Amino acid sequence: MRRTHRLLLPLAFGMLLIVPIQAYCEAVANGTFEAGFGAFLFRYLQLRPWPEGGFAGASHGVTWNHLWYIAYLWVYTLVLLALLPLRQGRLGAKLAESPMAPAAWHGILLILIPALYFSACLYWLQPRFPETHALTDDWFGHAKYFAAFLLGFALARDDRFWRRIDRMRWWTLGLAIASLSLYLFLRLAGREMVEVDWESVPDWNWHAISRLAHGVYLWMALLTILAFAHRWLNRPFRWLPRANEAIYPWYILHQSLIIPLVFILTPLALSGWLELALVLAGTLLGCLLFHELLIRRIRLLRPLFGLPAKPPALLGARLKA
């Protein structure tokens, strides 16, 4: 129940009052809306369908844009809760004794099995079921994200997993760089080579090789990030609890800052690096100010961004009393 509250309340709030600025910028850019944002928001909050082509999700009258993963996470949590009894029964006992259980995975299996799985999803599922973020028809997305969710649940508290990836961190970093380089090279070659050039290329399944490189990169990059983060950040920094608290609000806010900034800056025709710097700085500063000055301090706002109603300072003072 607590997880449902922390996920669905921010999702509903975000869809109604955080995301609309993105939909407005998209509608104006598409030439389907000409009035100001106030008029757009008034129409949007009526939750009536819009004409097709206005913005993503217009036919539903509302959109979740970058907040799609909150909905996915809620569904995945419910599925996991339904599966948890298996962990307590005979099947769970057999899996725990199996050499394929997370606690018994050695380095090669830890690298090979998830990498091959993600590569297979990219090769077979992605072309047939392109990613939609629409929940009900996003089979490639679910195959990828639900697998990552289950792996996270299974491995997060396994000390042997963390020790193993710490020892493997330079190997996984090297494999991530190598597989990404191969993937980007094949993408570039496929775009630049003319038909005559391909006559001298071996008749291999380059699509499968590209997807394999992509899948290996996805998993190796994730393991590398986790390993270095665990090594460098898994200690009692004074700022870490505050940073952990900021993750959820920053996630909810970030794209609704990026899109308006790009919308405002694009007509100025600035250089690419300057526009990138302004968008990045504006997004970071906006997330910081909104979180520190408003969300973190106002009790009514905190649950709307997935935080406990009582700020940590008030909660700590009450516990001491």
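Bear in mind that the values here come from a model prediction, so they are computed numbers and not experimental data.

**Points about the overall build of the protein chain**
Counting secondary structure elements, the protein chain contains 14 helices and zero strands. Mapped from its N terminus to its C terminus, the protein chain presents α and β elements in the order α-α-α-α-α-α-α-α-α-α-α-α-α-α. For the protein chain, the share of sequence-separated contacts (at least 6 apart) that also reach a separation of at least 24 residues comes to 66%. Of the roughly 19900 Å² of accessible surface on the protein chain, 69% is carried by carbon and sulfur atoms.

**A short note on the pattern of salt bridges**
Tallied over the entire structure, the rule returns seven salt bridges. Salt-bridge contacts for Arg160 lead to Asp158; the nearest nitrogen and oxygen are separated by 3.7 Å. Using a relative accessible area of 11% as the deciding quantity, one classes Asp158 as buried. Of the charged contacts, one joins Glu245 and Arg296 as a salt bridge, the two residues approaching to 3.1 Å between their closest N and O atoms. Taken together, the residues Glu245 in helix H12 (residues 240-265) and Arg296 in the loop between helix H13 (272-295) and helix H14 (312-320) connect sequence positions 51 residues apart. A relative accessible area of 12% places Glu245 in the buried class. Connected through salt bridges with shared partners, the residues Asp166, Arg169 and Arg231 form a single ionic network.

**Observations regarding the nonpolar core**
Leu110, Phe161, Ile165, Trp219, Met220 and Leu223 are the most contacted members of the largest nonpolar core, which has 18 residues in total. Within the residue set of this core, elements represented by two or more residues are helix H6 (107-128), helix H7 (139-155), helix H8 (159-167) and helix H11 (206-233). Ranked by residues supplied to this core, first place goes to H11 with six residues. Dropping the residues within four chain positions of it, Trp219 is found in contact with Leu110, Ile111, Pro114, Ala115, Phe118 and Leu151. Within the second largest apolar cluster, 17 residues are counted, among which are Phe13, Val19, Ala71 and Phe305.

**Some details on helix H1 (residues 2-18)**
Between the first and last C-alpha of H1 there are 22 Å, a value that for 17 residues agrees with the 24 Å anticipated at 1.5 Å per step. For H1, the full list of buried residues reads Leu7, Pro10, Leu11, Phe13, Gly14, Met15 and Ile18.

**Description of the packing of aromatic side chains**
Throughout the structure, instances matching the rule amount to 29 aromatic pairs. Residues Tyr76 and Phe146 carry aromatic rings whose centres are separated by 5.0 Å and whose planes lie at 50° to one another, so their mutual orientation is tilted. With Tyr76 in helix H4 (residues 68-88) and Phe146 in helix H7, this residue pair connects regions lying 70 residues apart in the sequence. Tyr76 sits in the buried class, given a relative accessible area of 4%. Taking 6.1 Å as the distance between ring centres and 40° as the angle between the ring planes, the aromatic pair formed by Phe118 and Trp219 counts as tilted. Taken together, the positions of Phe118 in helix H6 and Trp219 in helix H11 put the pair 101 residues apart, joining distant regions of the chain. By relative accessible area, Trp219 is classed as buried at 3%. Here a set of aromatic residues connected by ring pairs shows up, and it is made of Tyr24, Phe33, Phe37, Phe40, Tyr44, Trp50, Phe55 and Phe263. Sitting over the face of the ring of Trp50, Arg43 holds its NZ or CZ atom 4.3 Å from the ring centroid.

**Digging into the side chain of Thr283**
Among the structural elements, Thr283 can be located in helix H13. For Thr283, the contacting residues outside a window of four places in its chain are His254, Leu257, Ile258 and Leu261.

**With respect to a nonpolar patch on the surface**
Together, Leu285, Leu288, Leu289, Phe290, Leu293, Leu294, Ile298 and Leu300 make up a nonpolar patch on the protein surface, roughly 740 Å² of accessible area in all. Classification of Leu293 as exposed rests on a relative accessible area of 51%.

**Re unusual backbone geometry**
Peptide bonds are trans in most cases, and residues, glycine excluded, mostly fall at negative phi. The phi dihedral of His133 falls on the positive side, at around 60°, and the residue is not glycine. Relative to the elements of secondary structure, His133 occurs in the loop between H6 and H7. Assessed through its relative accessible area of 26%, His133 is described here as partly exposed. The backbone of Leu135 shows a phi angle near 75°, a positive value even though the residue is not glycine. Examined against the element boundaries, Leu135 turns out to sit in the loop between H6 and H7. Here Leu135 falls in the partly exposed class, since its relative accessible area comes to 24%.

**Comments concerning the packing of helix H9 (residues 169-192) against H11**
Their axes nearest at 7 Å, the elements H9 and H11 cross at an angle of 145°. As H9 packs across H11, the resulting crossing turns out to be left-handed. For the contact of H9 with H11, the residue count by class is 18 nonpolar, five polar and three charged.

**Here's the deal with the environment of Ala115**
Assignment of secondary structure puts Ala115 in helix H6. When the C-alpha positions of Ala115 and Gly215 are compared, they lie 5.4 Å apart, and in sequence the two are 100 residues distant. Ala115 has contacts with Gly215, Val216 and Trp219, leaving out every residue within four places of it along the chain.

**Description of the confidence of the model for the protein chain**
Here the protein chain averages 87 in pLDDT, and 88% of its residues register 70 or above. Contacts of residues 98-105 to residues separated by more than four positions or lying in other chains number 18 contacts, the stretch itself having pLDDT below 50. Confidence over residues 314-321 falls short of pLDDT 50; this stretch has three contacts with residues more than four positions distant or in other chains.

Quick notes on the rules
Residues numbered from 1 in each chain as written. Predicted model: local features only at pLDDT ≥ 70, side-chain atom pairs only at ≥ 80, totals over all residues. Heavy atoms only, no water. Helix = DSSP H or I, 4+ residues; strand = E, 2+ residues; numbered from the N terminus. Contact = heavy atoms within 4.5 Å. Areas by Shrake-Rupley, 256 points an atom, 1.4 Å probe, with all protein chains shown as cover. Salt bridge = Lys/Arg side-chain N within 4 Å of Asp/Glu carboxyl O. Buried < 20%, exposed > 50% of the residue type's maximum accessible area, 1.4 Å probe, protein only. Core = buried A, V, L, I, M, F, W, Y, C linked by side-chain atoms within 4.5 Å. Expected span 1.5 Å × (residues − 1). Phe/Tyr/Trp six-rings, centres within 6.5 Å; stacked < 30°, edge-to-face > 60°. Lys NZ or Arg CZ within 6 Å of the ring centre and 35° of its normal. Patch = residues over 30% accessible without salt bridge, like charges linked within 9 Å, V, L, I, M, F, W, Y side chains within 5 Å. Axes fitted to C-alpha atoms, helices over the stretch in contact; angles between N-to-C directions. Left-handed = near helix turned anticlockwise from the far one by under 90°. Nonpolar A, V, L, I, M, F, W, Y, C, P; charged D, E, K, R; others polar. pLDDT = per-residue confidence, 0-100.

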